[in-house]
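Given next are the chains, with one letter for each unit.
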Amino acid sequence: GDCSSLIEIKNLGAEAFGIEADMNVKSIAENLNLKVHFGSIAENPFKGKKFDLIVMNQVIEHIPEPDKCIELIKNRLTKKGRIIFVFPNKDSFWQRITGIKWINWHIPYHLHHFDKISFQKMAYKCGLKITKVKTITPNIWTAIQIRHFLYNPKRGIANHLWEVKKNKNNKFKRRNLIMKLAKRLLKFILFICLGFFNRLIDFLEAGDSLMLEVKIRK
């Protein structure tokens, strides 16, 4: 991503390395003197290095052959090393109630869709054992999900939810200030309530994003 996770790792006192496909990030990495390989894990970056922790955050669902990718990164772990995978949860509460309008189907960018059981089977096949499981539901994901669920665009027509809003004329700029404040306050209250609800479904492990910690199975 934007290298912020590498900065967080360095601030915790660890040595941080990253892999990124987007060349637009290269200037950030260079300016901050970060160790980032621009390309693929298949290119065997950072040769000779073994890692105590490898993080794949919202990555594995984009990879054509995830099992082969897992085999590659597994071989880069130290004996007590761990891998953390974070990816959309196909069995989440929000997927169940929104069905085909779940935002994390995200086709064609998401090539695979996992729940805990299906990922566990793949991990076991690759010689890994799951040690921790939890779900994380970003509130902004849910806000986008609700907006997308309520909007019904026709196929072949541009989705107006993703359009840049044009400047409104002076008539709309002079709307009642109290109404504007009331609307914003209502949105804020709803967002807080949504946060509490998401923490509840995360507690029940039914959140939108699965996070699994795995280690090499002995």
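This section reports on the structure supplied with the text. A quick note: this is a predicted structure, and the numbers were derived from the prediction, not measured. (Residues numbered from 1 in each chain as written. Predicted model: local features only at pLDDT ≥ 70, side-chain atom pairs only at ≥ 80, totals over all residues. Heavy atoms only, no water.)

**A few points about the nonpolar core**
Our working definition: Here, nonpolar core refers to any group of buried Ala, Val, Leu, Ile, Met, Phe, Trp, Tyr and Cys residues whose side-chain atoms link them within 4.5 Å. For the exposure calls, accessible area comes from a 1.4 Å probe over protein chains only, and a residue counts as buried if that area is under 20% of its type's maximum, exposed if over 50%, partly exposed in between. Comment: elements are numbered from the N terminus, with helices defined as DSSP H or I runs of at least four residues and strands as E runs of at least two. Here, residues are in contact when the closest pair of their heavy atoms is within 4.5 Å.
Ranked by size, the top nonpolar core spans 22 residues in total, and within it Met56, Ile60, Ile70, Ile83, Phe85, Phe87 and Phe119 carry the most contacts. Going through the elements one at a time, strand S3 (51-57), helix H3 (66-74), strand S4 (77-88), helix H5 (116-125), strand S5 (128-136) and strand S6 (209-216) are the ones with two or more residues in this core. The dominant element in this core, judged by the number of residues it contributes, is S4, at four residues. When residues no more than four places from it in sequence are discounted, the contact partners of Met56 are Ile63, Cys69, Ile73, Ile84, Phe85 and Val86. The next biggest cluster of nonpolar side chains, apart from the first, holds eight residues, and it includes Cys3, Leu34, Val36 and Phe38.

**What to know about the packing of helix H6 (residues 139-150) against helix H8 (residues 177-203)**
Rule in force here: A fitted line through C-alpha atoms represents every axis, and for helices the fit uses only the stretch in contact; the resulting angles, taken between N-to-C directions, go from 0 to 180 degrees. Reported orientations rely on four angle classes, namely roughly parallel under 35 degrees, roughly antiparallel over 145, roughly perpendicular from 65 to 115, and oblique for the rest. In this scheme the crossing of two helices becomes right-handed for a clockwise turn of the near helix relative to the far one and left-handed for an anticlockwise turn of less than a right angle. Gly falls in the polar group here, along with every residue not listed as nonpolar (Ala, Val, Leu, Ile, Met, Phe, Trp, Tyr, Cys, Pro) or charged (Asp, Glu, Lys, Arg).
It is at 10 Å that the axes of H6 and H8 come closest, and there the two elements cross at 110°. With respect to H8, the element H6 is oriented roughly perpendicular. Crossing angle aside, the handedness with which H6 passes H8 is right-handed. When H6 is examined against H8, the residues Asn139, Ile140, Thr142, Ala143 and Ile146 are found in contact with a partner set consisting of Phe191, Leu194, Gly195, Asn198 and Arg199. Here the residues of the contact of H6 with H8 are counted per class, giving five nonpolar, four polar and one charged.

**Here we look at the packing of aromatic side chains**
Threshold: Any Phe, Tyr or Trp ring, taking Trp's six-membered ring, that has another such ring centre within 6.5 Å forms a pair; planes under 30 degrees apart are called stacked, those over 60 apart edge-to-face, and the others tilted. Either the NZ atom of lysine or the CZ atom of arginine qualifies as a charge over a ring when it sits within 6 Å of the ring centre and within 35 degrees of the ring normal.
Here the structure, examined in full by the defined rule, presents 10 aromatic pairs. One cation-aromatic arrangement involves Arg217 over Tyr124; the distance from NZ or CZ to the ring centre is 3.8 Å.

**Re the pattern of salt bridges**
One side chain can pair with another of opposite charge once the charged atoms of both are near each other. Applicable threshold: Whenever a carboxyl oxygen of Asp or Glu lies within 4 Å of a side-chain nitrogen of Lys or Arg, that contact is scored as a salt bridge.
If you walk through the whole model with that rule in mind, you get nine salt bridges. For Arg82, the salt bridge goes to Glu213, with nearest N and O atoms at 3.6 Å. Taken together, the residues span a long stretch of sequence, with Arg82 in strand S4 and Glu213 in strand S6 at a distance of 131 residues. In this structure Arg82 comes out as partly exposed when scored by relative accessible area, which is 25%. Taking relative accessible area as the criterion, Glu213 reaches 18% and is therefore assigned buried. For Asp91, the salt bridge goes to Arg96, with nearest N and O atoms at 2.7 Å.

**So, the environment of Lys134**
Residue position: Lys134 is located in strand S5. Using a relative accessible area of 42% as the deciding quantity, one classes Lys134 as partly exposed. Distance from Lys134 to Thr78, taken between C-alpha atoms, is 24 Å for residues 56 residues apart in sequence. Not counting chain neighbours up to four residues away, the residues in contact with Lys134 comprise Ser209, Leu210 and Met211.

**Overview of the pairing of S6**
Side-chain direction in a regular strand flips from residue to residue, so the side chains alternate between the two faces of the sheet. The condition is simple: Pairing between strands requires that DSSP locate at least two bridges from one strand to the other.
Relative to S6, S4 is paired through six bridges, and the arrangement is antiparallel. Along S6, the bridge assignment pairs Ile83 with Val214.

**Quick notes on the sheet that holds S5**
Adjacent strands of a sheet form backbone hydrogen bonds with each other and so pair up, either parallel or antiparallel. Across the sheet, which stays open at both edges, the four strands sit in the order S3-S4-S6-S5 with mixed pairing between neighbours. Strands with a single pairing partner mark the edges of an open sheet, and in this sheet they are S3 and S5. Across the sheet, the mean angle separating the axes of adjacent strands is 15° when strand polarity is ignored. Contacting S3, S4, S5 and S6, H3 runs over the sheet at an angle of about 150° to S4. Along the sheet, H5 makes contact with S4, S5 and S6, crossing S5 at roughly 155°.

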